[in-house]
Amino acid sequence: MRKKLLLALAATTLFSVNAFVSVAVAGDADTQLKALVTQVNADIKAGKKTEAALADDLKQFDALLAEHKGEKTDAVARILYMKATLYAEVLNNPKQADQLMQQLKTDFKGTAFVTKLEQHEQLQQQAEKVRASLIVGATFPDFSEKDVNGQPLSLASYKGKVVLIDFWATWCGPCRGEIPNVVATYKKYHDQGFEIVGISLDDDRQKLLNYTKQMDMTWPQFFDGQGWSNKLAVKYGIESIPSAFLLNGEGKIIGTDLRGEALTQAVAKALAKK
């Protein structure tokens, strides 16, 4: 399941519209932007997905920017940011989106919004480098966190075990579809040294706990309630789920995104080599 969905305009961008309003002092620009984004999302749901179909909405972005011209504030910066996001995520026009982002960074440089945006981009670039390095034969970088129940969780504690690092979420259809096979593989090989560490991109702890109990997923889960901003998902550059890495007893990657029988066979083969 891709991270960037069609209706991502107000949901999976760096900040949601609700976050815009909550983190800043309420003002006309914020109120106007929230109303405009609500309208844009309604238009998208109604099937308007081209620049021509959304022309009136785009004009409203320009009108808001003109109305607040000269105001170097986070609120106005967010208007330009959301226009760029519309071009990137819905209109599939990366060239125009990039131009708007460059304008944003120039016109609103020094604002808290742009500073956070640039920091986010730096972290993303670092994460992309890490993700590109996660290939078969490479050592999976360790982490030291606590699981959803507050217990210590790190790869070092699984030394000598075959481990599946599974990035997933209860709201992810493909993830849910694969869970029965993962559970079956775990039950079959756990006593022989197979372990699983789940990295949940959920934002509701109780929903996660209820689902893992229902599906008999007894292995530990890392959860911080941040969704796509999950600390470990960001660290490892995860852009889509399900995403999984199978590690041998030395912590080296021996398989990626294995599904169905391929996962079962890879686990059996790895355990046979121990």
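Just so it is clear, the structure is predicted and the values come from calculations on it, not from any experiment.

**Student:** What am I meant to see in the nonpolar core here?
**Tutor:** Soluble globular proteins: nonpolar side chains tend toward being buried together. The biggest cluster of nonpolar side chains holds 48 residues, and the ones touching the most others in it are Phe-140, Ile-165, Phe-167, Phe-194, Ile-241 and Phe-245. Among the secondary structure elements, those contributing two or more residues to this core are strand 3 (162-168), helix 7 (173-189), strand 4 (194-200), helix 8 (205-214), helix 9 (231-235), strand 6 (243-247) and helix 10 (260-272). Residues within four places of Phe-167 in sequence aside, it is in contact with Ile-199, Leu-201, Leu-232, Ala-233, Tyr-236, Ile-238, Ile-241, Pro-242, Ser-243 and Phe-245. Core analysis: the second largest hydrophobic core is formed by 31 residues, Ile-79, Leu-80, Val-90 and Leu-117 among them.

**Student:** How should I be thinking about helix 8 in this particular structure?
**Tutor:** Along an α-helix, residues three or four positions apart point the same way, because every turn accommodates 3.6 residues. Looking at helix 8, one finds that the buried residues are Leu-208, Tyr-211 and Thr-212. The buried residues of helix 8 occupy an angular sector of 95° when the element is viewed end-on, so they sit on one face. Summarising the geometry of helix 8, the exposed residues directed more than 90 degrees from the buried face are Lys-213 and Gln-214. Following helix 8 by one or two positions, Asp-216 has its phi on the positive side, about 60°.

**Student:** Please explain the packing of helix 2 (residues 28-45) against helix 3 (residues 55-67) as it appears in this structure.
**Tutor:** Two numbers describe a pair of packed helices, the interaxial angle and the distance between the axes. Between helix 2 and helix 3, the least distance of the axes is 10 Å, while the angle of their chain directions is 170°. Taken together, the axes of helix 2 and helix 3 lie roughly antiparallel to each other. Here Gln-32, Leu-33, Leu-36, Gln-39, Val-40 and Asp-43 of helix 2 lie close against helix 3, whose contacting residues are Asp-57, Gln-60, Phe-61, Leu-64 and Glu-67. Residue composition of the contact of helix 2 with helix 3, grouped by class: 5 nonpolar, 3 polar and 3 charged.

**Student:** Help me understand the pattern of salt bridges in this model?
**Tutor:** Considering all chains together, one arrives at 6 salt bridges under this definition. With a closest N to O distance of 3.1 Å, Arg-78 and Asp-30 form a salt bridge. Here Asp-30 lies in helix 2 and Arg-78 lies in helix 4 (residues 74-89), a separation of 48 residues in the sequence. With respect to burial, Arg-78 and Asp-30 carry one shared label: buried. Two residues, Glu-145 and Lys-231, come together in a salt bridge whose shortest N-O distance is 3.0 Å. Note that Glu-145 is positioned in strand 1 (residues 144-146) and Lys-231 in helix 9, a separation of 86 residues in sequence. Taking relative accessible area as the criterion, Glu-145 reaches 18% and is therefore assigned buried.

**Student:** Sorry if this is basic, but what is going on with empty space enclosed by the protein here?
**Tutor:** Gaps left between atoms are located by rolling a probe of water-molecule size over the structure's atoms. In the structure shown here, the tally under the stated rule is 1 cavity of 30 Å³ or more. The space that makes up the largest cavity amounts to roughly 80 Å³. Along its surface, the largest cavity is lined by Leu-164, Asp-166, Trp-168, Cys-175, Glu-178, Ile-179, Val-182, Pro-242, Ala-244, Leu-258, Arg-259 and Leu-263. Ranked by residue count, the leading element in the lining of the largest cavity is helix 7, at 4 residues. By residue class, the composition of the lining of the largest cavity is 9 nonpolar, no polar and 3 charged.

Rules of the game
- Residues numbered from 1 in each chain as written.
- Predicted model: local features only at pLDDT ≥ 70, side-chain atom pairs only at ≥ 80, totals over all residues.
- Heavy atoms only, no water.
- Core = buried A, V, L, I, M, F, W, Y, C linked by side-chain atoms within 4.5 Å.
- Buried < 20%, exposed > 50% of the residue type's maximum accessible area, 1.4 Å probe, protein only.
- Helix = DSSP H or I, 4+ residues; strand = E, 2+ residues; numbered from the N terminus.
- Contact = heavy atoms within 4.5 Å.
- Arc of directions from axis to C-beta.
- Axes fitted to C-alpha atoms, helices over the stretch in contact; angles between N-to-C directions.
- Parallel < 35°, antiparallel > 145°, perpendicular 65-115°, else oblique.
- Nonpolar A, V, L, I, M, F, W, Y, C, P; charged D, E, K, R; others polar.
- Salt bridge = Lys/Arg side-chain N within 4 Å of Asp/Glu carboxyl O.
- 1 Å grid on protein atoms, 1.4 Å probe; cavity = no way out; pocket = protein on both sides within 12 Å on 5 of 7 lines; lining within 4 Å.
- Points joined across faces, edges and corners; volume = space filled by probe spheres on them.

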